[in-house]
Amino acid sequence: MAAVEAASLAVLLANLATVHIPAVATLGGPVHGASYLAVIVCTWLTTAATPAARWLAVVPGVGGLLALRRIARAPAPAGSVTGAE
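Everything numeric in this text was worked out from a predicted model, so none of it was measured.

Undergrad: How would you sum up the overall build of the protein chain? Please name residues and give values.
TA: If you tally the helices and strands in the protein chain, you get 4 helices and 0 strands. Considering the protein chain as a whole, with its 85 residues, one finds that 26% of them fall into the buried category. Partitioning the intrachain contacts of the protein chain with sequence separation of at least 6 by distance along the chain shows that 43% fall at a separation of at least 24.

Undergrad: Could you give an account of the nonpolar core, with specific residues and numbers?
TA: In this structure, Ala2, Val39, Ala49, Ala53, Ala57, Ala67 and Ile71 together form the largest nonpolar core, which totals 7 residues. Apart from residues no more than four positions distant in its own chain, alanine 2 is found in contact with Val39, Gly64, Leu65 and Leu68.

Undergrad: Which residues make up the side chain of asparagine 15, and what values do they have?
TA: Checked against the element boundaries, asparagine 15 lands in helix α1 (residues 2-17). Look past the residues within four positions of asparagine 15 in its chain and what remains in contact with it is His20, Ile21, Val24 and Ala25.

Undergrad: So, the packing of aromatic side chains: which residues are in play, and what are the values?
TA: Evaluated as defined, the whole model comprises 1 aromatic pair. For the pair tryptophan 44 and tryptophan 55, a centre-to-centre distance of 5.1 Å together with 85° between the ring planes defines the contact as edge-to-face. In this pair, tryptophan 44 is assigned in helix α2 (residues 22-45) and tryptophan 55 in helix α3 (residues 51-56), connecting sequence segments 11 residues apart.

Undergrad: Outline a nonpolar patch on the surface, supporting the account with residue identities and numerical values.
TA: The grouping of Met1, Val4, Leu27 and Val31 at the surface amounts to a nonpolar patch, some 370 Å² of accessible area in total. Along the chain, leucine 27 falls in helix α2.

Undergrad: How would you summarise the packing of α1 against helix α4 (residues 63-73) if you had to cite specific residues and measurements?
TA: The geometry of α1 relative to α4 is characterised by a closest axis approach of 7 Å and an angle of 150° between their N-to-C directions. By the angle between their directions, the pair α1 and α4 is classed as roughly antiparallel. The handedness of the crossing between α1 and α4 is left-handed. Here α1 contributes Ala2, Ala3, Glu5 and Ala6 to the contact with α4, which in turn contributes Gly64, Leu65 and Leu68.

Undergrad: For the environment of proline 51, give the residues involved together with the corresponding values.
TA: Within the secondary structure, proline 51 is located in helix α3. On the basis of relative accessible area, proline 51 is assigned to the exposed category, the value being 58%. Between the alpha carbons of proline 51 and isoleucine 71 there is a distance of 10.0 Å; along the sequence they are 20 residues apart.

Undergrad: Would you mind going over the packing of α1 against α2 in detail, with residue names and values included?
TA: The description of two helices packed together rests on the angle between their axes and the distance between the axes. Two numbers describe how α1 lies on α2: the axes approach to 8 Å, and their chain directions differ by 150°. Considered as vectors, α1 and α2 are oriented roughly antiparallel to each other. In this structure, the crossing between α1 and α2 has a hand that is left-handed. Counted together, Ala2, Val4, Glu5, Ser8, Leu9, Val11, Leu12 and Asn15 of α1 and Val24, Ala25, Gly28, Gly29, Val31, His32, Ser35, Tyr36 and Val39 of α2 form the full contact between these two elements. For the contact of α1 with α2, the per-class residue count stands at 10 nonpolar, 6 polar and 1 charged.

Conventions adopted
- Residues numbered from 1 in each chain as written.
- Predicted model: local features only at pLDDT ≥ 70, side-chain atom pairs only at ≥ 80, totals over all residues.
- Heavy atoms only, no water.
- Helix = DSSP H or I, 4+ residues; strand = E, 2+ residues; numbered from the N terminus.
- Buried < 20%, exposed > 50% of the residue type's maximum accessible area, 1.4 Å probe, protein only.
- Contact = heavy atoms within 4.5 Å.
- Core = buried A, V, L, I, M, F, W, Y, C linked by side-chain atoms within 4.5 Å.
- Phe/Tyr/Trp six-rings, centres within 6.5 Å; stacked < 30°, edge-to-face > 60°.
- Patch = residues over 30% accessible without salt bridge, like charges linked within 9 Å, V, L, I, M, F, W, Y side chains within 5 Å.
- Areas by Shrake-Rupley, 256 points an atom, 1.4 Å probe, with all protein chains shown as cover.
- Salt bridge = Lys/Arg side-chain N within 4 Å of Asp/Glu carboxyl O.
- Axes fitted to C-alpha atoms, helices over the stretch in contact; angles between N-to-C directions.
- Parallel < 35°, antiparallel > 145°, perpendicular 65-115°, else oblique.
- Left-handed = near helix turned anticlockwise from the far one by under 90°.
- Nonpolar A, V, L, I, M, F, W, Y, C, P; charged D, E, K, R; others polar.

Okay, structure coming up:
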């Protein structure tokens, strides 16, 4: 969802800066909005997310990608299953 959010924002901004086709904005706006909200909800519900990752997810556009990066670098919480057993 983070990649969809970033890509949809890039498409919306490129459309706005160039030809401004209303159909692209009509489709891209809800896609971006829904993916933005999904990134926030999923990040806040993830137990592996640090408080910094949760707040990064709120940043529009690249926040989801930054939150994923932060979650990947964070140590596993105590008692979690890592798959290395």
